[in-house]
Amino acid sequence: MAATTDLAKLVQPDRVHRRAYTDPAIFELEMERIFHKVWTYVGHESQVKNPGDYWTVLIGRQPMIMVRHSDGSVRVLHNRCPHRGAMLCGDRHGSAPDGFTCSYHSWQFHPDGSLKAIPLERGYSGTRFESGAADAAMRNVKPAARVASYRGFVFASLAADGPSLEEWLGPARIAFDDICDRAPGGEVEIVPNCFRVIQQSNWKIFLENQLDALHPAVTHESTGKAAHEVELELEERHQRAPLSYHFLSAFSTTPIPKWDDFQTLNYPHGHSILTGYMGLRPRDPDTLAYEETLRQAYGDKRMEEILGVNIHHVLCYPGLSVQPPLQQLRAVRPLSVDQTLTEIWHFRLKGAPEAIYRRALGYYNLVNSPSTLVNADDLWNFWKCHQGLASDGGDWVSFHRNAGQDHVQGDLVTSVIGTSEAPMRNQFSAWGAYMGGA
Ligand code: FES
Ligand SMILES: [Fe+2]
């Protein structure tokens, strides 16, 4: 097992040793010191509308269940029967309005995990189980240490102590405020189900890519060019091409230097925001109709404030990447040192016209889904990075771009150029603090 002193040597302000990505012992420590401590996004309240509705989810190494209890609250439980340890839910999601029944010996539990019934309970008479010495852990499904929800987005932490969800998110709360405020009804509803992708690479490589403003014009150039050619052709024929072409063509029409005009804001705990957005206020009829519904709901001034939030991406380290203007998020579930599951979800703005949902769906399918070339471009890079890092071709990963040149004010680091590797340095600063036990 890697000693803490060894770990400190792996992370320097402007570079990181490859072992941080490839050492299975370090991965196990990450589970224990990071993923079993921090707040992990488990799902959206609208996934579990009725009592007994549940979804299973991984927190670090722990299989968990998010479930709606009969009192209306959302609970998060370990997916483990207290009898002989069988998983309670084998399905990814379902509904158990009368509570859970274990498939092994039929112990039954209320949706909050408390024991409801045991078949032939007399078998326990005279045992420690019956005598009152039976503690809650013997009878009930173990709950997550802490559960909290922010604007309908449910998080759980397996650590009893630590900052509250709101404190921990800090300014990254804007991810959920922005996504919900854009709904005339102030709320979003999740669209079941999600895409699930297993990447053959370490989880940190995915997160580093999220706010990597240098890569889109390079990695996605061919995808962008192909889309732009068709977009121009459609514009010639019909004056206007569907906005969805722009989602892809922007990769070629936004050249590398332009990405330096954007900005990243880097906060404590490894969270970051990328400002700038490829098509925030298009003037097409769908957007105008949508703006009208917002105007009616909030008035002119508030509508302008809401649509004026100029954020493309919010990263809630270490497990969530949110794109609020397009109502989508990707949750990161590390599986092993070289395998990472991502769940890709999108949302419907309550009260917004159907066309705005179609736009989110378009981005979801064209940019974030496993079938799009954009995702394939990225996955190919992730795999190649992991292969290179697992080789003896060199020991260090470089994060020197604009190192020491960004603007620091208190605990906020603002990039001076959009392509600064400030977000990656910020992620590793949090990684070092977590792994060192801070
Ligand atoms: S293991 Fe669940 S009832 Fe026996
Ligand atoms: Fe990409």
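One can find the structure itself at the top, above this paragraph.
Position numbers for residues count from 1 along each chain, tracking the sequence in the order it is written. Following the order in which they are written, the chains are lettered starting with A and the ligands numbered starting with 1. In view of the model being predicted, local features appear only for residues whose pLDDT reaches at least 70, and side-chain atom pairs are presented and counted only at 80 or more, with totals across whole chains, interfaces and linings using the full set of residues. As a rule here, side-chain values come from all non-hydrogen atoms in the structure, and water together with hydrogens is ignored.

Donor atoms (N, O, S) are those found within 2.8 Å of the metal centre, with the cutoff raised to 3.2 Å for Na, K and Ca; water is not part of the atom list, so apparent gaps in a site can occur. Within the protein, His-215 (NE2), His-220 (NE2), Asp-378 (OD) and Asp-378 (OD) serve as the donor atoms for the iron ion (ligand 2), at 2.1 to 2.4 Å. Coordination at the iron ion (ligand 2) is irregular: its 4 donor atoms span angles of 56 to 144° at the metal. Any site counts as irregular unless it has four donors with all angles between 85 and 135 degrees, making it tetrahedral, or four or six donors with opposite ones more than 155 degrees apart and the rest between 65 and 115, making it square planar or octahedral.

It is the contact of helix H12 (residues 285-298) with helix H14 (residues 354-368), at a shortest axis distance of 9 Å, that shows an interaxial angle of 120°. Compared by their axis directions, H12 and H14 come out oblique. Considering only the axes of H12 and H14, their crossing is left-handed. Here Asp-286, Thr-287 and Tyr-290 of H12 lie close against H14, whose contacting residues are Ala-355, Ile-356 and Arg-359. Each residue is assigned to one class: nonpolar for Ala, Val, Leu, Ile, Met, Phe, Trp, Tyr, Cys and Pro, charged for Asp, Glu, Lys and Arg, and polar for all the others, Gly among them. Residue composition of the contact of H12 with H14, by class: 3 nonpolar, 1 polar and 2 charged. Structural elements are reduced to axes, namely lines fitted to C-alpha atoms, with helices fitted over the stretch in contact, and the angle between N-to-C directions of any two is expressed from 0 to 180 degrees. Strands are runs of DSSP state E lasting at least two residues, helices are runs of H or I lasting at least four, and both sets are numbered from the N terminus onward. Each angle is binned into one of four classes, with values under 35 degrees roughly parallel, values over 145 roughly antiparallel, values of 65 to 115 roughly perpendicular, and all other values oblique. A crossing counts as left-handed when the near helix is turned anticlockwise from the far one by less than a right angle, and as right-handed when that turn is clockwise. In this description, contact between two residues means that some pair of their heavy atoms is separated by no more than 4.5 Å.

Pairing between strands requires that DSSP locate at least two bridges from one strand to the other. A sheet is described by the order of its strands in space; here 3 strands give the open sequence E8-E9-E10, paired in antiparallel fashion. Across the chains shown, the open sheet's two edge strands, defined by having one partner strand only, are strand E8 (100-101) and strand E10 (115-117).

What follows deals with unusual backbone geometry. Note the cis peptide between Pro-192 and Asn-193, where omega equals 15°. Looking at the secondary structure, you find Asn-193 in the loop between strand E13 (188-190) and strand E14 (195-199). Of the consecutive residues Tyr-317 and Pro-318, the connecting peptide bond is found in the cis state with omega at 10°. Counting through the fold element by element, Pro-318 comes out in the loop between strand E17 (311-316) and strand E18 (320-323). The phi angle at Leu-120 is positive, at roughly 50°, despite the residue not being glycine. The topology assignment puts Leu-120 in the loop between E10 and helix H4 (136-139). Here's how the labels work: a residue is buried when its accessible area is under 20% of the maximum for its type, exposed when over 50%, partly exposed in between, all with a 1.4 Å probe on protein chains only. Overall, Leu-120 belongs to the exposed group, its relative accessible area being 61%. Notably, Arg-151 is not glycine yet its phi reads approximately 50°, a positive angle. Inspection of the secondary structure assignment puts Arg-151 in the loop between strand E11 (146-150) and strand E12 (153-157). Taking relative accessible area as the criterion, Arg-151 reaches 33% and is therefore assigned partly exposed.

Another point: helix H16 (residues 422-435). One less than the residue count of a helix, multiplied by 1.5 Å, gives the span that helix is expected to have. Compared with an ideal rise of 1.5 Å per residue, which puts 14 residues at 20 Å, H16 spans 20 Å between its outermost C-alpha atoms and is within 8% of the ideal. For H16, a buried count of 11 out of 14 residues is recorded, marking the element as mostly surrounded by other parts of the structure.

Basic side-chain nitrogens of Lys or Arg form a salt bridge, by our definition, when they fall within 4 Å of a carboxyl oxygen of Asp or Glu. Counted under the stated rule, the structure contains 25 salt bridges. A salt bridge links Glu-187 to Lys-350; the shortest N-O distance between them is 2.9 Å. Note that Glu-187 is positioned in the loop between helix H6 (174-181) and E13 and Lys-350 in the loop between strand E20 (339-349) and H14, a separation of 163 residues in sequence. Residue classification places Lys-350 among the partly exposed positions, given a relative accessible area of 34%. A salt bridge links Lys-225 to Glu-221, with the shortest nitrogen-to-oxygen separation between them at 3.3 Å. Here the residue Lys-225 and the residue Glu-221 both occupy positions in helix H9 (residues 221-238), the gap between them amounting to 4 residues, near one helical turn. With a relative accessible area of 45%, Lys-225 lands in the partly exposed category. One salt-bridge network, in which partners are shared between bridges, spans Arg-151, Asp-177, Asp-181, Lys-301, Arg-302 and Glu-305.

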